[in-house]
Amino acid sequence: MKYYFVTISVAFLVIGVRSHQHHNHVSRRSRMPKDCVRQSFDDSVVSQSRLVLLAEKVNQRLAYMKDVAGYKAQNHLQIEDVVQESKVINSSLTEAKDLGLDPESVISFIVAQINAAKAIQYRYRADWLSYTEEDWQPQPLDMVREKIGQLSSEILRELAAQANDRPVEAHERNAFVLRLEQDNLKCADKMRLFDAILVVRSSVSIKR
């Protein structure tokens, strides 16, 4: 098995801290910019598709990043954890190969997930410089990582099912990005995730 040790760049090293009203202590839902939706589509057509199931799993995984950010902030831990990231990448690539996916085609998606997760964490940390979360405590990191790991496996299984069925096509972008609804997740993060999915292939299709 070929192992990958990837140094993942942080897309947002400098994050602007937005001002808040004194009464604004609640998390804000990220808004979808118009340029994030590239064309209209019939939602009923894709509502049961594999791509939608995949998007929902990715969205669930990203939902835990507030807990990760909060736990790390409370315990004075850095968001960047190269050792943990390497473990995630290597285990994900091994699992992807076992599921019949071409590892080389999957690595961009795995890295995109990690970068989106870190970007959310950095944005929360920046927000918390300006206000304090009331009546909220993060879940323990070990518990959260276990849940994230389970979702990561489910995401890879959905990717494999999609790749064995047919490759995702560019015109399906909206069906994916519109289902990613997390605070502090930006349009650029969603686009990068979808673009990475476009290149995922099964090992069988690569050999043809």
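Treat the numbers as computed from the prediction; the structure is a model and nothing was measured. (Residues numbered from 1 in each chain as written. Predicted model: local features only at pLDDT ≥ 70, side-chain atom pairs only at ≥ 80, totals over all residues. Heavy atoms only, no water.)

Trainee: Even after reading the chapter, I still don't get the layout of surface pockets, so can you show me in this structure?
Mentor: Here the idea is plain: a probe the size of a water molecule rolls over the atoms and shows the empty space left. There is about 430 Å³ of room inside the largest pocket. R61, Q84, V88, R145 and I148 are the residues nearest the centre of the largest pocket, which is lined by 23 residues in total. For the lining of the largest pocket, the secondary-structure elements that each account for two or more residues are α3 (65–74), α4 (82–98), α5 (103–127) and α6 (141–165). Of the residues forming the lining of the largest pocket, the biggest block, 7 residues, is contributed by α6. Each residue belonging to the lining of the largest pocket can be placed in one class, and the counts come to 9 nonpolar, 7 polar and 7 charged. By volume, the second largest pocket amounts to about 160 Å³. Together, G70, A73, Q74, W128, Y131, T132, E133, W136, Q137 and P138 line the second largest pocket. Residues belonging to the lining of the second largest pocket are distributed by class as follows: 5 nonpolar, 4 polar and 1 charged. (1 Å grid on protein atoms, 1.4 Å probe; cavity = no way out; pocket = protein on both sides within 12 Å on 5 of 7 lines; lining within 4 Å. Points joined across faces, edges and corners; volume = space filled by probe spheres on them. Helix = DSSP H or I, 4+ residues; strand = E, 2+ residues; numbered from the N terminus. Nonpolar A, V, L, I, M, F, W, Y, C, P; charged D, E, K, R; others polar.)

Trainee: I would appreciate a short explanation of the environment of E172 in the present structure.
Mentor: By the secondary structure assignment, E172 is in the loop between α6 and α7 (173–177). For the pair E172 and F194, spaced 22 residues apart in sequence, the C-alpha to C-alpha distance is 9.2 Å. Filtering out sequence-adjacent residues up to four positions away, E172 remains in contact with L51, R166, P167 and F194. (Contact = heavy atoms within 4.5 Å.)

Trainee: What should I look at first to understand unusual backbone geometry in this one?
Mentor: Keep in mind that most residues, glycine aside, have a negative phi and that most peptide bonds are trans. One non-glycine residue, D135, adopts positive backbone phi at about 55 degrees. Among the residues examined, D135 registers a relative accessible area of 85% and is labelled exposed. A positive phi angle, close to 65 degrees, is found at N184, a residue other than glycine. Within the secondary structure, N184 is located in the loop between α7 and α8 (187–198). Residue N184 is classed as buried on the basis of its relative accessible area of 5%. (Buried < 20%, exposed > 50% of the residue type's maximum accessible area, 1.4 Å probe, protein only.)

Trainee: Explain empty space enclosed by the protein to me, please; I cannot follow it from the model alone.
Mentor: Per the stated rule, a full pass over the model turns up 2 cavities of 30 Å³ or more. In this structure, the largest cavity occupies an estimated 60 Å³ of space. Among the secondary structure elements, those contributing two or more residues to the lining of the largest cavity are α4, α5 and α6. Broken down by element, the residue count for the lining of the largest cavity peaks at 4 residues, all from α5. A class-by-class count of the residues in the lining of the largest cavity yields 6 nonpolar, 3 polar and 1 charged. Every residue lining the second largest cavity is listed: L159, Q162, A163, R166, P167, V168, I197 and V200. Ranked by residue count, the leading element in the lining of the second largest cavity is α6, at 3 residues. When the residues that make up the lining of the second largest cavity are grouped by side-chain class, the tally is 6 nonpolar, 1 polar and 1 charged.

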